[in-house]
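Residue-level listing of the chains:
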Amino acid sequence: MLLKALFVLLLGLSVQFVFKTLLMMDINKRVYNHRPGECRKVEGPSQGSEDFEVIDEKRIAFISSGVVYLPNSQSDVTWKGEIYLYDLTKRTYKAELIPILNLEDEEGFYPHGLSHWVMNDGTIRLFVVVHSKTFKHSVVILDYDDRKQHLNHVKTIRDDTFIRPNDIVATGENSFLLSNDGGAQTELGNMWEVISGFYRGGIVYFDGNKSHYLMENHVANGISLSRDGNTLFVSHINQETIGVYSWNQEKISLKKISEIETLTGCDNFYIDKDNHMWTGCHPVTKDVLAHFGNRSDPYLYGPSQVLRITFSKGFEKAEMVEVLADDGRLVSASTIAFPFDDGKQVLIGTVGRHPVHCDVAVPLSLY
Amino acid sequence: MLKIILVAFLAFLVQYSFKVLLTLDVHKRTYNHRPGPCRKIEGVVNGSEDITISYEKNLAFITSGLVFLHSESSKTENNGEMFVYDLSQRTYKAERIPVKNLEDSEFLPHGISHWVLKDGTVRLFVVVHSKDFKHSIVILDYDEKNRVLNHVRTIRDDKFVRPNDVLATGENSFFVSNDGGCHSNIGNILEIATGFHKGSLVHYDGKNSHYLLENTATNGIILSNDKKTLYVSFIYEETIGVFDWNVGKQEIREVSKIETLTACDNFHVDEDDNLWSACHPVLKDAAKHLGNHKNKDLHSPTQVLRFKFSEDRKFAEIVEVFSDEGRFTSAGAVATSFDNGKQMLIGTVFRDVTHCDINISLDF
């Protein structure tokens, strides 16, 4: 009797689990194409543009290209890891490859998340999450030489707490917040982590000397600070939500304020000067998996969705405007976007392909 | 033996509930975006379920005051109305036009179509329900000078089982789409839930009516500009059927079926032969609002899609022109473009009309 009841319970749980997994894969969803204006691909970063770092003062954007993620073996990584620069004042539709000098490991530089800090003397210091071909992780600090247009290696930091780093936010000349998007180091392990829901990622704070765990057993993908530095936005991408936290740097404490359900997998964030959050999302999980699993195949692509999110004062609610949606033929697997030229243009980044530069000819403040 | 049947039945039930939840669009939502500045049109408040555009006269005719099914919530004190909107000027105000000499005093219009007579008169074909949900097709001629609609003829037919849309094929002939068979709320829900639809597609040739499709739920219907292709919305299947229409033989032949994964309502064909439709992207939200439309706090998302068909009509490029959670445009049922694709009107099942500019290119 008890055995039968247990069996029925287990069956019920499995059915509910299968259903939830199918929903998470977005089985009943598709994307309908639309653009905010004329769009063109940006030449240069053909292997990806997973994250951007915008330097408002200089009106340039750094682009991290060629991300490596859970490779099955070294030989899978057939591309180079590079950093590009895009001039936002000219319509070149071409990004410049920036040489990086004096790296500790030239062959093992595959950049992921980016952030920057402006030094006292005005130098732009880049913070880069880096993976090697064998998926070993580090944070690399580079100073940008404006005149010679190259990046100089300052320091490479490795730490046990950089379990599987994804994004980074600079909080000082030598300190930063770092997000771990999970714990597994193999594709299979990651699949188990995602399906079971037992996430082993989280957020870490490196104060210049040592690391502190701020959040554990979570999935944390893109992270960004509000312009006043008091609020941290975290992408809980697998749960299709954005977590909003108050950040106290002195006390090194993170406290949850709210969680916004987006019903789509938003990757990285950019907070504009009007406090709107811009993000690139993956709206249909099942359609992007093939592309993620086989990045070298140029015939595969994944759908994209660019959202501009406006939070209410207390962050309990958010208005969402869809700036662009694409089945992947123009923009494949978008991760990030930001507006420039007073909101009249937008640049969109993707996991494994070219960035796309669009004009914005439609109103975005609708309510 | 009994155990096996029980297990099989349980498995069927589980699979069915899963399908129902997916069809209701759980775990789906809409995100807002517009192709340009949009404004509401004054004058129309009780719905604008269908719109037909006469490009020749630069006018849009709008039906207002829909009644659906014979239920308490449908009982309305108001009569339905017809509106005309001048597309050549940006008045953002629709004009109510009187309908003269109707046979029945109760006039609650639904789908609409038009045909231009040899002398240039615009002849309107309107699906009309009475307050207790009896049906007819009413033919009205538009008197441009006096701005009035004159009753020509009211046609009743056994085959107009539960008409939704009408489509003119000549001065006196037309298609009628029946969106189901049942006249009660419960009956309708059963029809949808079981998939045993009792709707149909009918053609009236001026004297007699013929069934062209049966046991299916058809909603919006429209012809291509050359009148040779018929588009039919199979709203519950979330597909659009494309048919060859042979007016001489009064026959249709299926060419293709486009899967949209959204419930498209009424249609419009623009100057370039693109198909436009307003669709209900999240069915659970649509059901709530449409089932209780007097409640002003409820609304339902709107999605406007433009379809550009390939030469062989087997494939269509779909562009989402407009999307709204429902707070601005609720339960859009029809979208009509004009001014060569630079402007658009969106009609809604139970609310007002939205007039948008389209400041972006939709061809890419």
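Reading the values: rules and limits
Residues numbered from 1 in each chain as written. Chains lettered and ligands numbered in written order. Predicted model: local features only at pLDDT ≥ 70, side-chain atom pairs only at ≥ 80, totals over all residues. Heavy atoms only, no water. UniProt positions renumbered as here; feature names shortened; annotations may be inferred. Helix = DSSP H or I, 4+ residues; strand = E, 2+ residues; numbered from the N terminus. Contact = heavy atoms within 4.5 Å. Areas by Shrake-Rupley, 256 points an atom, 1.4 Å probe, with all protein chains shown as cover. Buried area = accessible area lost by both parts, 1.4 Å probe. Salt bridge = Lys/Arg side-chain N within 4 Å of Asp/Glu carboxyl O. 1 Å grid on protein atoms, 1.4 Å probe; cavity = no way out; pocket = protein on both sides within 12 Å on 5 of 7 lines; lining within 4 Å. Points joined across faces, edges and corners; volume = space filled by probe spheres on them. Nonpolar A, V, L, I, M, F, W, Y, C, P; charged D, E, K, R; others polar. Buried < 20%, exposed > 50% of the residue type's maximum accessible area, 1.4 Å probe, protein only. Polar contact = N/O pair within 3.5 Å; in protein donor to acceptor, adjacent residues only side chain to side chain. Pairing = 2+ DSSP bridges. Axes fitted to C-alpha atoms, helices over the stretch in contact; angles between N-to-C directions. Phe/Tyr/Trp six-rings, centres within 6.5 Å; stacked < 30°, edge-to-face > 60°. Disulfide = S-S within 2.5 Å.

- As recorded in an unreviewed UniProt entry, chain B goes by SMP-30/Gluconolactonase/LRE-like region domain-containing protein and comes from Caenorhabditis remanei.
- As stated in UniProt under Sequence similarities (unreviewed entry), the record for chain B gives "Belongs to the paraoxonase family."

- Per an unreviewed UniProt entry, chain A goes by SMP-30/Gluconolactonase/LRE-like region domain-containing protein and derives from Caenorhabditis remanei.

**As for the overall build of chain B**
Part 1 of the reasoning: From N to C terminus, chain B includes 3 helices and 25 strands.
Part 2 of the reasoning: Over its C-alpha atoms, taken along the principal directions, chain B stretches across nearly 75 × 45 × 45 Å.
Part 3 of the reasoning: Contacts in chain B between residues at least 24 apart in sequence constitute 56% of all its contacts with a sequence separation of at least 6.
Part 4 of the reasoning: About 15,600 Å² of surface is accessible on chain B, with carbon and sulfur atoms providing 52% of the total.

**A word on the interface of chain B and chain A**
Interfaces are often sized by the accessible area lost when the parts come together.
Part 1 of the reasoning: Taken together, the contact pairs 35 residues of chain B with 34 residues of chain A.
Part 2 of the reasoning: Of the roughly 3,100 Å² buried between chain B and chain A on both sides combined, carbon and sulfur atoms contribute 60%.
Part 3 of the reasoning: The tally of links from chain B across to chain A stands at 2 salt bridges.
Part 4 of the reasoning: With a closest N to O distance of 2.8 Å, Arg327 of chain B and Glu319 of chain A form a salt bridge.

**Quick notes on empty space enclosed by the protein**
Part 1 of the reasoning: The tally for this structure, following the rule as stated, stands at 3 cavities of 30 Å³ or more.
Part 2 of the reasoning: Its volume calculated, the largest cavity comes out at about 300 Å³.
Part 3 of the reasoning: In this structure, the largest cavity is lined by 19 residues; those nearest its centre are Arg30, Tyr32 and Glu322 of chain A together with Arg29 and Tyr31 of chain B.
Part 4 of the reasoning: At the level of elements, strand E21 (304-311) and strand E22 (318-326) of chain A together with strand E22 (316-324) of chain B are the ones that each hand at least two residues to the lining of the largest cavity.
Part 5 of the reasoning: Along the lines of polarity and charge, the residues of the lining of the largest cavity split into 8 nonpolar, 5 polar and 6 charged.
Part 6 of the reasoning: Roughly 90 Å³ of internal volume is contained in the second largest cavity.
Part 7 of the reasoning: Along its surface, the second largest cavity is lined by 14 residues, and His34, Arg35 and Val362 of chain A together with His33 and Arg34 of chain B are the ones closest to its centre.

**Focus on the UniProt feature "binding site: Ca(2+)" (unreviewed entry) in chain B**
All names here are of chain B.
Part 1 of the reasoning: Here, UniProt's "binding site: Ca(2+)" (unreviewed entry) annotation points to Glu49, Asp50, Ile112, Asn164, Asp165, Asn219, Asp265 and Asn266. Taken along the chain, the residues just named run across 218 residues; in space they keep tight, none of their C-alpha pairs more than 12.9 Å apart.
Part 2 of the reasoning: On the secondary structure map, Asp265 appears in strand E19 (residues 263-269).
Part 3 of the reasoning: Classification of Asp265 by relative accessible area gives buried; the value is 5%.
Part 4 of the reasoning: Residue contacts for Asp265: discarding those within four places in its chain leaves Glu49, Asn219, Gly220, Ser233, Ile235, Ser277, Ala278, Cys279, His280, Ala333 and Val349.
Part 5 of the reasoning: Tracing the backbone through its elements, the reader meets Asn266 in strand E19.
Part 6 of the reasoning: On the basis of relative accessibility, which here comes to 0%, the residue Asn266 falls in the buried class.
Part 7 of the reasoning: Once you skip the residues sitting within four places of it in the chain, Asn266 turns out to touch Glu49, Asp50, Asn164, Asp165, Asn219, Gly220, Trp276, Ser277, Ala278, Ala333 and Val334.

**Digging into the UniProt feature "signal peptide" (unreviewed entry) in chain A**
Part 1 of the reasoning: Per the UniProt record, "signal peptide" (unreviewed entry) is annotated on residues 1-20 of chain A.
Part 2 of the reasoning: As annotated, residues 1-20 of chain A has a helix share of 95% and a strand share of 0%, and its two end C-alpha atoms lie 29 Å apart.

**So, the side chain of Arg353 of chain A**
Residues and elements named next belong to chain A.
Part 1 of the reasoning: One can find Arg353 in the loop between strand E24 (345-350) and strand E25 (356-359).
Part 2 of the reasoning: A distance of 3.0 Å separates the side chain of Arg353 from the backbone oxygen of Asp297, its partner in a polar contact.
Part 3 of the reasoning: Leaving out residues up to four positions away in the same chain, Arg353 has contacts with Pro45, Ser46, Gln47, Gly48, Ser49, His291, Arg295, Asp297, Pro298, Leu300 and Ser332.

**Here we look at the sheet that holds strand E15 (residues 221-223) of chain B**
Residues and elements named next belong to chain B.
Part 1 of the reasoning: Overall, antiparallel pairing links the 4 strands, which are arranged E15-E16-E17-E18 in an open sheet. With partners counted over all chains shown, the strands left at the sheet margins are E15 and strand E18 (251-259), one partner each. In this sheet, adjacent strand axes meet at a mean angle of 25° when their direction is disregarded.
Part 2 of the reasoning: With 8 bridges connecting them, strand E17 (residues 239-246) and E18 associate as antiparallel partners. Residue Gly241 lies in a different strand from E18, and its bridge partner there is Lys257.

**A few points about the packing of aromatic side chains**
Part 1 of the reasoning: One pass over the full model with this rule turns up 24 aromatic pairs over all chains.
Part 2 of the reasoning: With a centroid separation of 6.5 Å and an interplanar angle of 70°, the aromatic rings of Phe160 of chain B and Tyr204 of chain B are classed as edge-to-face. Of this pair, Phe160 of chain B sits in the loop between strand E10 (148-155) and strand E11 (163-168) while Tyr204 of chain B sits in strand E13 (residues 200-204), placing them 44 residues apart in sequence. Grouping residues by exposure puts Phe160 of chain B and Tyr204 of chain B together as buried.
Part 3 of the reasoning: Through a chain of ring-to-ring contacts, three or more aromatic side chains come together here, namely Phe52, Tyr270, Phe338 and Phe340 of chain A.

**Regarding the sheet that holds strand E12 (residues 174-178) of chain B**
All names here are of chain B.
Part 1 of the reasoning: With respect to topology, 4 strands assemble into an open sheet ordered E11-E12-E13-E14, the strand pairing being antiparallel. The outermost strands of the open sheet, each flanked by one partner alone, are E11 and strand E14 (209-214). Looking at each pair of strands side by side, their axes are set apart by 20° on average, direction ignored.
Part 2 of the reasoning: As paired elements, E11 and E12 share 5 bridges and run antiparallel to each other. Paired with Leu167 across the two strands is Phe175, which belongs to E12.

**Quick notes on the state of the cysteines**
Residue and element names in this part refer to chain B.
Part 1 of the reasoning: A complete count under the given rule lists 4 disulfides over all chains for this structure.
Part 2 of the reasoning: There is a disulfide in this structure between Cys264 and Cys279, and the S-S distance comes to 2.2 Å. Taking the torsion about the S-S bond as the criterion, the Cys264 to Cys279 disulfide, at about 80°, is right-handed. In this pair, Cys264 sits in strand E19 while Cys279 sits in strand E20 (residues 275-280), placing the two residues 15 residues apart along the sequence. Note on accessibility: Cys264 and Cys279 belong to one class, buried.

**Remarks on the UniProt feature "active site" (unreviewed entry) in chain B**
Residues and elements named next belong to chain B.
Part 1 of the reasoning: In this numbering, the UniProt entry assigns the feature "active site" (unreviewed entry) to His110.
Part 2 of the reasoning: Tracing the chain through its elements places His110 in strand E7 (residues 108-116).
Part 3 of the reasoning: Residues within four places of His110 in sequence aside, it is in contact with Glu49, Asp50, Thr63, Leu66, Val126, Val127, His129, Pro163 and Asn164.
Part 4 of the reasoning: Looking at His110, its side chain comes within polar contact range of the side chain of Glu49, at 3.4 Å.

**Some thoughts on the environment of Val204 of chain A**
Residue and element names in this part refer to chain A.
Part 1 of the reasoning: Positionally, Val204 belongs in strand E13 (residues 201-206).
Part 2 of the reasoning: Val204 gets classed as buried once you look at its relative accessible area, which sits at 0%.
Part 3 of the reasoning: For the pair formed by Val204 and Leu214, sequence separation is 10 residues and the distance between their alpha carbons is 5.4 Å.
Part 4 of the reasoning: In this view, Val204 contacts Thr161, Phe162, Phe176, Leu177, Leu178, Asn180, Ser211, His212, Tyr213 and Leu214; residues no more than four positions away in its chain are not counted.

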